[in-house]
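# A structural walkthrough
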Amino acid sequence: MPYRSVSARVRAALPRRIAVATATVTLVAAGVLGVSGPAAANSALPAAATMADDPTLPTSAISLSAPASATALDPITITGRLTLEDGAEPGAQELFVNRVVQDEPWTTLHTTTAVDGTFTLTDAPPVSGHLRYDAYWFPAEKYQSSTASVSVQVAGRAATLTFDGPANGRDGRQLSLAGTLGLDGKAPAQPQTLVVSRTIWNNRLDGALQQLPSVTTDSLGAFTVLDTPTQGGRYVYTVSWDGDPVYAAPSASHEVTVSSPDSHVTGQVLDPAYLGLPFRVTGAVTYDVGACQGPTVVHVSRRINDGAAKRLPDVTTDASCGFGFGDTVSRTGQVAYTVTWDGNDTHRRSTGTITGTVRKQLSGIEATSPDRTLLNGQQAVVEGKVIDGNAESVGGKLRLTVRRFGSDGSSVDLPSVTTAVDGTFSYRDSPPTVDASTYPQFQYEFSWSGNATYQASSTSVFFYVVPPDCAC
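Per chain, the residues get numbers from 1 upward, laid out in the order the sequence is written. Reporting of local features is limited, given that this is a predicted model, to residues whose pLDDT is at least 70; pairs of side-chain atoms are given and counted only at 80 or more, and all residues count toward the totals for whole chains, interfaces and linings. For side-chain calculations, the full set of non-hydrogen atoms in the structure is used, while hydrogens and water are omitted.

### Re the overall build of the chain
Working definition: helices are DSSP H or I runs of at least four residues, strands are E runs of at least two. Numbering for both runs from the N terminus. Helix and strand counts for the chain stand at one helix and 33 strands. Residues counted as buried form 43% of the 472 residues belonging to the chain. By definition in these notes, contact holds between two residues if any of their heavy atoms fall within 4.5 Å. Within the chain, residue pairs in contact and separated by at least 24 positions form 65% of the contacts whose partners lie at least 6 positions apart. In short, Shrake-Rupley with a 1.4 Å probe defines the accessible areas, and a residue's cover is counted only from the protein chains shown. Roughly 23700 Å² of accessible area belongs to the chain as shown, and the carbon and sulfur atoms make up 50% of that amount. Any residue under 20% of the maximum accessible area for its type is buried, any over 50% is exposed, and the rest in between are partly exposed; the area is computed with a 1.4 Å probe on protein chains only.

Shown next, in the form of structure tokens:
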């Protein structure tokens, strides 16, 4: 026996505002009423759903089934059944199904079961994302109410984004690329902003991504991208739209091969570059796209510390247009080489500047002692030599300063020592008498301030005062 519904009681509890955009719903068993209102955090049931049931009454249950996935605006079918604990057929009963979208008002769908409790309705999800359908039934008497929920993951609709332009271009000349954004075969109702980027591959850039100004669609959904390449290479232009609640974000790309007659001269001063010693400068003539064919000739001039430019001999490149030459300079500081290539039938003349720093030569102090353990009263003896970076004698008479450090952290400046013409020196000193039982340490530091050719250097020798009975 069918039971009388309580639609009047439920409708009184539902919000009075009709949904601004009521979903398209097709009922198999009955008509549908679209109502919207603010969704609760976890439920969108009307106030009537909170009415307490009589726990002594038989229970009821609702089963719901829906596709696991769907596409926005495309109809989906939701099926279900209302069953009663005592096995009786429910008859025609009013059910309410809330479509709940996160952060949006819910929409209430109203349907009626068949005599056996089954029901079917078709709904078109209005947006993409996670949707939930909450079904509920409130009997007037004899049975407890029941609810059920089912979720559907709704994908955005596919927008149509076209993008095209010339296949070839030339650096310094403007490119014009055009496209359209379509939503189900129609232009967007409002202008849409598209993000534009370009990625460049050539001999100087390996997939460099660069953002370009955004573009906006017109009333037909069309847009134009203008760009002037500044170098040759393979350019991939990409436009993308962020999408909206209904349509997924699309992107489209177009590739342009950009030619260029430019050439470039690059290189480096190989470290280390020391005053008065030969060092190497290397470089190459290159193109944006393709390989330079040698041998060819480059012209070289040199400038030190912004001084006057000096013309150096021309240099012939190898078969790949690489070059290298040696140089020696007599001043420290910044050295800049201006290298010019005259160009050829396909590529323009170019000039590059190769810079480096010329430093003073390295120096060091070798120092040793025949015995580093002393008794109180014995002299500390140090033999040494001032050397260059190749461990050769710097030569000349060089003045070295000497400082002695005690084990207590104190220090004292001792008389300086002057090297022989071959850079060697010998030094003797009597450290103060100390308590030898603690094996105190003395450090002798020798320092040279350098000169116009060599950098400063220093070294230390350590001595230990030991007791007379030490077997060391």
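Okay, back to it.
### A short note on the sheet that holds strand 16 (residues 222-227)
With antiparallel pairing, three strands are arranged side by side in an open sheet as 11-13-16. Looking along the sheet, the strands with just one partner apiece sit at the ends: strand 11 (160-164) and strand 16. The sheet shows a mean angle of 20° between the axes of neighbouring strands, direction not considered. Criterion used throughout: strands pair if DSSP finds at least two bridges between them. Two elements, strand 13 (residues 175-182) and strand 16, share six bridges in a ladder whose sense is antiparallel. Bridging from a neighbouring strand, Ser176 pairs with Leu226 of strand 16. Where helices are involved, their axes are fitted lines through C-alpha atoms of the stretch in contact, as for all axes, and angles between N-to-C directions lie from 0 to 180°.

### Some words on the sheet that holds strand 33 (residues 457-465)
Note: strands within a sheet are paired through backbone hydrogen bonds, in either parallel or antiparallel orientation. Here we have five strands laid out as an open sheet, ordered 27-33-32-29-30, and mixed in their pairing. What marks the edges here is a single partner per strand, and that holds for strand 27 (373-374) and strand 30 (411-418). Pairing geometry for strand 29 (residues 399-405) and strand 32 (residues 441-448), over five bridges, is antiparallel. Note that in strand 32 the partner of Phe405 across the bridge is Gln443.

### Brief notes about the state of the cysteines
By definition, disulfides here are pairs of cysteine sulfur atoms that lie within 2.5 Å. Evaluation of the coordinates by the stated rule reveals one disulfide. Between the sulfur atoms of Cys292 and its disulfide mate Cys321 the distance is 2.1 Å. Taking the sign of the S-S torsion, about -70° here, the bridge from Cys292 to Cys321 comes out left-handed. Here Cys292 is found in the loop between strand 20 (279-287) and strand 21 (297-304), whereas its partner Cys321 is found in the loop between strand 22 (310-316) and strand 23 (322-327), with 29 residues between them in sequence. When sorted by exposure, Cys292 lands in the same class as Cys321, which is buried.

### As for the pattern of salt bridges
By definition here, a salt bridge exists when the distance from a side-chain nitrogen of Lys or Arg to a carboxyl oxygen of Asp or Glu is within 4 Å. As enumerated under the stated definition, the model contains 14 salt bridges in all. The salt bridge partner of Asp134 is Arg132, with a shortest N-O separation of 2.9 Å. Assessed through its relative accessible area of 4%, Asp134 is described here as buried. On the basis of relative accessibility, which here comes to 18%, the residue Arg132 falls in the buried class. Because the salt bridges share partners, they merge into one network encompassing Asp74, Arg157 and Asp184.

### Some words on the pairing of strand 7 (residues 106-112)
The buried fraction of strand 7 is high, at seven of seven residues. Covered by surrounding structure in strand 7 are Trp106, Thr108, His110 and Thr112 together with Thr107, Leu109 and Thr111, the residues of both alternating faces. Note that strand 6 (residues 94-101) and strand 7 share six bridges and pair antiparallel. Residue pairing across strands places Arg99 opposite Thr107, the latter belonging to strand 7.

### Digging into the pairing of strand 11
Along a regular strand, successive side chains alternate from one face of the sheet to the other. Only one face of strand 11 is covered, namely the one carrying Leu161 and Phe163; the face carrying Thr160, Thr162 and Asp164 has none of its residues buried. As paired elements, strand 11 and strand 13 share five bridges and run antiparallel to each other. Directly across from Leu161, in strand 13, lies its bridge partner Leu181.

### Quick word on the packing of aromatic side chains
Here a pair means two rings of Phe, Tyr or Trp (six-membered ring of Trp) with centres within 6.5 Å. Their orientation is stacked below 30 degrees between planes, edge-to-face above 60, and tilted elsewhere. For the coordinates displayed, the defined rule picks out ten aromatic pairs. Here the aromatic rings of Tyr136 and Phe138 are separated by 5.3 Å at their centres, their planes lie at 45°, and the arrangement is tilted. A relative accessible area of 7% places Phe138 in the buried class. Members of the aromatic cluster, each reached through a chain of ring pairs, are Phe96, Tyr136 and Phe138. Cation placement over rings: the criterion is NZ of Lys or CZ of Arg within 6 Å of the ring centroid and within 35° of the ring normal. Looking at Arg234, its charged tip hangs above the ring of Trp201, at a distance of 4.2 Å from the centre.

### Digging into the nonpolar core
Each nonpolar core is a collection of buried residues, namely Ala, Val, Leu, Ile, Met, Phe, Trp, Tyr and Cys, held together in the definition by side-chain atoms within 4.5 Å. Among the nonpolar cores identified, the biggest contains 47 residues, and Ile62 and Val239 are the most heavily contacted of them. Once residues within four sequence positions are removed from consideration, Ile62 is found in contact with Arg81, Leu82, Leu95, Phe119, Ala135, Tyr136, Trp137, Ser146, Thr147 and Ala148. Residues Val298, Cys321, Phe323 and Ile354 belong to the second largest nonpolar core, which totals 24 residues.

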